Amino acid sequence: MRVLVTGGAGYVGSHTVWALREQGATVVVFDDLSTGLPELIGDTPLVVGSLGDRPLLEETLRHQGIEAVVHFAARAVVPESLRDPLGYWQNNVAGTLSLVQAAVAVGVRRLVFSSTAGVYGPAPAGPLVEERPVEPHHPYGRTKRAVEVLLDDCVRAGLLRAVALRYFNAAGADAGGRTGELHDPETHLIPLLLGAASGERDPITVFGDDYPTRDGTAERDYVHVADLARAHLAALAFLGGGEPLSELQIVNLGSGRGHTVREVLAAAEEAIGRAIPWTVGPRRAGDPPRLVAEIGRARQVLGWAPQVSDLPSLLASAWRWHGSATRAAWRQRQGR
């Protein structure tokens, strides 16, 4: 299969690029490199461009003989989306519309979309099921939900076959050390913890200790990025199977288990054998108390289940990446 991966030079995208290549796919990455890094994809062909450039998208799809698209390209920081909603709607929604128009124009009918559990909003006590009504509480989540609606309309009209993967908290790194988390600024808990442990950062701030959870800190479902990459391959296989689709297929991706911030902190200290300095701050706007996935549909529809999403595996791979040469070179370029 010949696959275009938008945003493929980013964190989850680059892991999926390597997984596709290992499976024998021909991969082309389309990325504006606003946050992506070419070194994370090795010698994978890269087209540098904006999703808003529909002529370039059409040219790339045609010239490369693309058969399917895996769509990661998006701005994805909740606090930033609260400050810049227009930028998020322009990039995430208008950009995706341009991509879908280009795909339909050249006859590419299979699309896997990187969505988010952020569409759910405040969560009940139990795991989140896909049938639950969505209520995103921030512009980032609302833009992802808007794209889901767009894709659903296209599937119902027979223009596309599409899957939206609502994944929870991506974590961990490639076992071979080829790629991992490199964000500036970093907003994800585990790399922040490891940075504080290594002395690269000040003590981390735990945002809120008064949530209605077992220890007062927010609870999240952490899923290994390698498991996420496998799920995107499974979604492509599903779309290539010819099953009739009357609507967008929406699938949760998580471990199915929740861990509080304090539990992750304790597990990280055990994994690396040192104390991690931390302080408590106020809650962040838009953060729900609990997000944990029900993953039965992923098993049923995609034949997928997490394999390495236990906390020890997540933390061990993230710690190896934290000390990698690639990450050290990136930090040096950042002047750190």
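Further up the page is the structure itself.
Here the structure is a predicted model, which means the values were calculated and not measured.

What follows covers the overall build of the protein chain. When helices and strands are tallied, the protein chain shows eleven helices and 14 strands. Seen along its three principal axes, the alpha-carbon backbone of the protein chain occupies a region of about 55 × 45 × 35 Å. Out of the 336 residues in the protein chain, the part that is buried amounts to 53%. Across the protein chain, contacts joining residues at least 24 apart in sequence account for 78% of those joining residues at least 6 apart. Accessible surface, the protein chain: about 13,800 Å² in total, of which carbon and sulfur atoms supply 51%. Each charge class in the protein chain can be summarised by its mean position, and for the 33 positive and 37 negative side chains these summaries are 1 Å apart.

Taken together, the seven strands give an open sheet; going across it, the order is β3-β2-β1-β4-β5-β6-β11, and neighbouring strands pair in parallel fashion. Where the open sheet ends on each side, the last strands, each with one partner, are β3 (46–48) and β11 (249–253). Each adjacent strand pair in this sheet contributes to an overall mean axis angle of 20 degrees, direction not counted. Two strands pair when backbone bridges link them, and strand β2 (residues 26–31) and β3 are joined in this way by three bridges, in the parallel orientation. Along β3, the bridge assignment pairs Val 29 with Leu 46. Helix-sheet contacts for helix α7 (residues 225–239) involve β1 (2–6), β4 (68–71), β5 (110–116), β6 (161–167) and β11, and the interaxial angle to β6 is about 160 degrees.

A separate point is the packing of aromatic side chains. Scanning all chains against the criterion turns up one aromatic pair. With centroids separated by 6.5 Å and ring planes inclined at 35 degrees, the aromatic side chains of Tyr 120 and Phe 168 adopt a geometry described as tilted. Residue Tyr 120 is found in the loop between β5 and α5 (139–156), and its partner Phe 168 is found in the loop between β6 and β7 (169–171); the two are separated by 48 residues along the sequence. Accessibility assignment for this pair places Tyr 120 and Phe 168 in one class, buried. Positioned over the ring face of Tyr 211 is Arg 283, at 4.1 Å from the centre of the ring.

In this section: the pairing of β6. In terms of burial, β6 is a largely internal element, seven of the seven residues being buried. Of the two faces of β6, the one carrying Arg 161, Val 163, Leu 165 and Tyr 167 and the one carrying Ala 162, Ala 164 and Arg 166 are both buried. In terms of strand pairing, β5 meets β6 through seven bridges, oriented parallel. By the bridge assignment for β6, Leu 111 is matched with Ala 162. Bridge count between β6 and β11: five bridges; the pairing is parallel.

The full count for this structure, using the stated rule, is two cavities of 30 Å³ or more. The volume enclosed by the largest cavity comes to roughly 150 Å³. Sorting the residues of the lining of the largest cavity by element identifies α6 (189–198), α10 (311–322) and α11 (325–333) as the ones contributing at least two each. For the lining of the largest cavity, the residue count by class is seven nonpolar, three polar and six charged. The volume enclosed by the second largest cavity comes to roughly 30 Å³. If you trace the second largest cavity, you find it lined by His 71, Ala 73, Ala 74, Asn 92, Thr 96, Phe 113, Lys 144 and Val 147. Among the secondary structure elements, those contributing two or more residues to the lining of the second largest cavity are α4 (85–106) and α5. Grouping the amino acids of the lining of the second largest cavity by side-chain chemistry returns four nonpolar, three polar and one charged.

Reading across the sheet, the three strands line up as β12-β9-β14 and stay open at both edges, with mixed pairing between neighbours. Two strands lie at the open edges of the sheet, namely β12 (259–260) and β14 (290–291), each paired on one side alone. As paired strands, strand β9 (residues 219–220) and β14 are joined by two bridges and run parallel to one another. Bridge pairing links Glu 219 to Arg 290 in β14.

Rules of the game
Residues numbered from 1 in each chain as written. Predicted model: local features only at pLDDT ≥ 70, side-chain atom pairs only at ≥ 80, totals over all residues. Heavy atoms only, no water. Helix = DSSP H or I, 4+ residues; strand = E, 2+ residues; numbered from the N terminus. Buried < 20%, exposed > 50% of the residue type's maximum accessible area, 1.4 Å probe, protein only. Contact = heavy atoms within 4.5 Å. Areas by Shrake-Rupley, 256 points an atom, 1.4 Å probe, with all protein chains shown as cover. Lys, Arg positive; Asp, Glu negative; His and termini not counted. Charge placed at Lys NZ, Arg CZ, Asp CG, Glu CD. Pairing = 2+ DSSP bridges. Axes fitted to C-alpha atoms, helices over the stretch in contact; angles between N-to-C directions. Phe/Tyr/Trp six-rings, centres within 6.5 Å; stacked < 30°, edge-to-face > 60°. Lys NZ or Arg CZ within 6 Å of the ring centre and 35° of its normal. 1 Å grid on protein atoms, 1.4 Å probe; cavity = no way out; pocket = protein on both sides within 12 Å on 5 of 7 lines; lining within 4 Å. Points joined across faces, edges and corners; volume = space filled by probe spheres on them. Nonpolar A, V, L, I, M, F, W, Y, C, P; charged D, E, K, R; others polar.

Interpretation in functional terms is not warranted from these geometric data alone.
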